[in-house]
Amino acid sequence: MSQINLRTYQRRSVTRESGYHTCDETTGGECIVLHADRCNIIKNETFTFKKEKVQLKKLFNKNYGIFAFGGYIFCEKNISITFDLSYMKNEKLFSDKFDVASPINSNDWNSIGFHKEIELNDGDTLKNVIVNMHVTTTENGYIDFISFDMNAINKEEFEDDKFDVSFHQKTNMHIPHLYYLETELPIREYLISDQEFTKGQLVVLKSCNRCGRFLPINIKNEIGTLAFSLHCKKLAPCTHSTFRAYEIQNEVDKNELTNFGIKLEDNKVVAYYGHQLECKACKKFFVNMPLNPQRNAQQFREDGLRRRAIEVLINNLLQTNLIHFEFENKTKKEFVEYIWNKFDRKCFKCKKELELNEIALDHTMPLAYLYRLDDTATCLCSSHNSQKSDTFPVDYYSEDELIELSKITGLSLEKLHSREINNQVLDLLIKNVVWFYDEFLMQPDYQKVRDGILTADKINDSLKRVIGNKVDLAEEYKKITGHYPTSVTIIE
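Predicted model only: the values in this text are computed from it and were never measured.

Draft legend 1. Here's a closer look at unusual backbone geometry. Residues I175 and P176 are joined by a peptide bond in cis, for which omega reads 0 degrees. Phi angles above zero are rare outside glycine, and N128 is one such case at about 50 degrees. Secondary-structure assignment places N128 in strand β7 (residues 125-137). Unlike most non-glycine residues, L370 shows phi in positive territory, near 75 degrees. Here L370 shows up in the loop between β14 (360-362) and β15 (378-380). The exposure class assigned to L370 is buried, which follows from its relative accessible area of 1%.

Draft legend 2. Here's a closer look at the pattern of salt bridges. Considering all chains together, one arrives at 21 salt bridges under this definition. The partner of R38 in a salt bridge is D144, and the shortest N-O contact between them spans 2.7 Å. In this pair, R38 is assigned in strand β1 (residues 30-41) and D144 in strand β8 (residues 141-152), connecting sequence segments 106 residues apart. Its salt-bridge partner being K57, residue E159 comes within 2.8 Å of it at the nearest N-O pair. Here the residue E159 occupies a position in the loop between β8 and α2 (164-167), and K57 occupies one in the loop between β2 (44-55) and β3 (64-75), the gap between them amounting to 102 residues.

Draft legend 3. Main features of the packing of aromatic side chains. Counted under the stated rule, the structure contains 37 aromatic pairs. Stacked on the ring of F228, the Lys or Arg K206 has its end atom at 4.2 Å from the ring centre. Over the aromatic face of Y180 sits the side chain of R213, whose NZ or CZ is 4.1 Å from the ring centroid.

Draft legend 4. Representation of the sheet that holds strand β4 (residues 79-89) within the structure. Strand order in the open sheet made by the 4 strands is β2-β7-β4-β5, with antiparallel pairing throughout. The sheet is open, and its two borders are formed by β2 and β5 (92-99), each paired with just one other strand. Across this sheet, the average inter-strand angle for adjacent strands is 15 degrees, counted without regard to direction. Here β2 runs beside β7; their pairing, made up of 11 bridges, is antiparallel.

Draft legend 5. Layout of the pairing of β7. Bridging between β4 and β7 involves 9 bridges; their strand directions are antiparallel. From the neighbouring strand, S86 faces β7, where its bridge partner is I130.

Draft legend 6. Spatial organisation of the side chain of S207. Its location among the elements puts S207 in strand β9 (residues 198-207). Here the side chain of S207 touches G28 through a polar contact of 3.3 Å, landing on its backbone nitrogen. Reaching out from S207, the side chain makes a polar contact with the side chain of E30 at a distance of 2.6 Å.

Draft legend 7. Quick peek at helix α13 (residues 433-440). Buried within α13 we find V433, F436, Y437 and F440. The arc that holds every buried residue of α13, seen down its axis, measures 120 degrees, which confines them to one face.

Draft legend 8. Summary view of the nonpolar core. Within the largest apolar cluster, 61 residues are counted, with the highest numbers of intra-cluster contacts made by F436, Y437, L441, L463, I467 and L473. Here this core gets 6 residues from one element, more than from any other, and that element is helix α6 (residues 297-318). Look past the residues within four positions of L441 in its chain and what remains in contact with it is F436, Y446, Q447, A456, I459, S487 and V488.

Draft legend 9. Representation of the confidence of the model for the protein chain within the structure. Per-residue confidence for the protein chain averages 87 on the pLDDT scale, and 92% of its residues sit at or above 70. Taken element by element, the predicted model of the protein chain shows its lowest mean pLDDT in helix α1 (residues 9-15) (31) and its highest in strand β10 (residues 214-217) (97). Ignoring residues within four places in sequence, the model shows residues 1-21, a span with pLDDT below 50, making 57 contacts including any to other chains. pLDDT under 50 marks residues 292-300. Its contacts with residues more than four places away, or in other chains, come to 10 contacts.

Draft legend 10. Up close: the packing of α13 against helix α15 (residues 473-481). Orientation of α13 relative to α15, taken along the N-to-C sense of each, is 100 degrees, at an axis distance of 9 Å. What the angle tells us is that α13 and α15 run roughly perpendicular. Of the residues in α15, those touching α13 at V433, V434, F436, Y437 and D438 are L473, A474, E476, Y477, I480 and T481.

Draft legend 11. Structural view of the packing of helix α7 (residues 323-331) against helix α8 (residues 335-342). With their axes 8 Å apart at the nearest point, α7 and α8 run at an angle of 85 degrees to one another. Relative to α8, α7 is oriented roughly perpendicular. Here I323, H324 and F327 of α7 come into contact with α8, specifically with F335, V336 and Y338.

Rules used throughout
Residues numbered from 1 in each chain as written. Predicted model: local features only at pLDDT ≥ 70, side-chain atom pairs only at ≥ 80, totals over all residues. Heavy atoms only, no water. Helix = DSSP H or I, 4+ residues; strand = E, 2+ residues; numbered from the N terminus. Buried < 20%, exposed > 50% of the residue type's maximum accessible area, 1.4 Å probe, protein only. Salt bridge = Lys/Arg side-chain N within 4 Å of Asp/Glu carboxyl O. Phe/Tyr/Trp six-rings, centres within 6.5 Å; stacked < 30°, edge-to-face > 60°. Lys NZ or Arg CZ within 6 Å of the ring centre and 35° of its normal. Pairing = 2+ DSSP bridges. Axes fitted to C-alpha atoms, helices over the stretch in contact; angles between N-to-C directions. Polar contact = N/O pair within 3.5 Å; in protein donor to acceptor, adjacent residues only side chain to side chain. Arc of directions from axis to C-beta. Core = buried A, V, L, I, M, F, W, Y, C linked by side-chain atoms within 4.5 Å. Contact = heavy atoms within 4.5 Å. pLDDT = per-residue confidence, 0-100. Parallel < 35°, antiparallel > 145°, perpendicular 65-115°, else oblique.

Listed below in structure tokens is the structure:
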């Protein structure tokens, strides 16, 4: 396929020096559409990649550089992956092994990769660098590859220690985007093993308005995000032009895109939820850090406080105790262990076996939409719990998974297919709206100002976002009392 107007690697290295500034050549509203490289897999397969020479760069004001490998794969069947790395340094042979950090989803796109910190005491040049990617499966199927590269991390902003802590925090959630590797290379660029490849499915690579890279979005399953976070997850469909529609920058067959299920408007690819203008890596380093220099444990506690407030509010309205206490009172058993055993001690999404202290309890029907955590909870690993977040089951699971989830949780398929707020709790909230504003939100913890914003305002705004046009709680309060509540900020 001939391509036009693709960004060159020379140009991209310049934009990387822009630091906190937005890239001059991309707005975040452009894309290219490429075919993935497809390889059929039978049982065990090893893909071997080789680079003759890698020049390490000193990072974070420390005496080491980082070698990185990564890309994105679509797996038709269940697979497992491990990596072997070997290289020569100062005439000595070194080797190491790595596992894929996050669970691999079948029939969907996955972000994979690894990195190795290497001391510079005896030189900064690696020779004969080889990565073996071992794929194991019990079923024959195919794997689609896109945006694979291997190199030293050489981003200029990583030279001093400003980003040291941030780079090492929740790194697994940002692999491979945070490596700032090339993203438009074919899988054969460094491949030396003899696998045969055919043309795979179409992949949309959207531009980042900070680093200028084109990185993949999961256009057929946007909830399963890749290199960009969603823009309007709770208020979809996204109606913001730049966030939802991306001008195609290369020559493509529009009929092929449409047949593949990609929605087009003129020469633009249209997303349902929309995506952030910055890739997840740039968002992490160059947006969140500068705008929130104190975004540390305090702000994460604040996020947790807001979620706990919604949970407590729901239980108050339903006149129930938190499920952990309620369940233990009734059964004399631990609620977490009950859900763990109920799901055969595995993550429901990826089927990875979990220790009891590794499980994450998901509300199944989302807390943000006023659903209480109860015995219909789902057992997930931390990665898939973070990925699902406040998503409705119908937007996150396949139909087969929904059927299985219905059998395990006891929730009907009709409920699992719905995207409705919990109307029982909403009705109770409306009936108790004076109590909500005058007592619940007046609690000292919720009347504290954090980062210039009243916590009660954050709780109130969270409710307003999911209630939408159903009801205005402040107006309901005014109908009863004759005035607006004083526990939150009301702009008349």
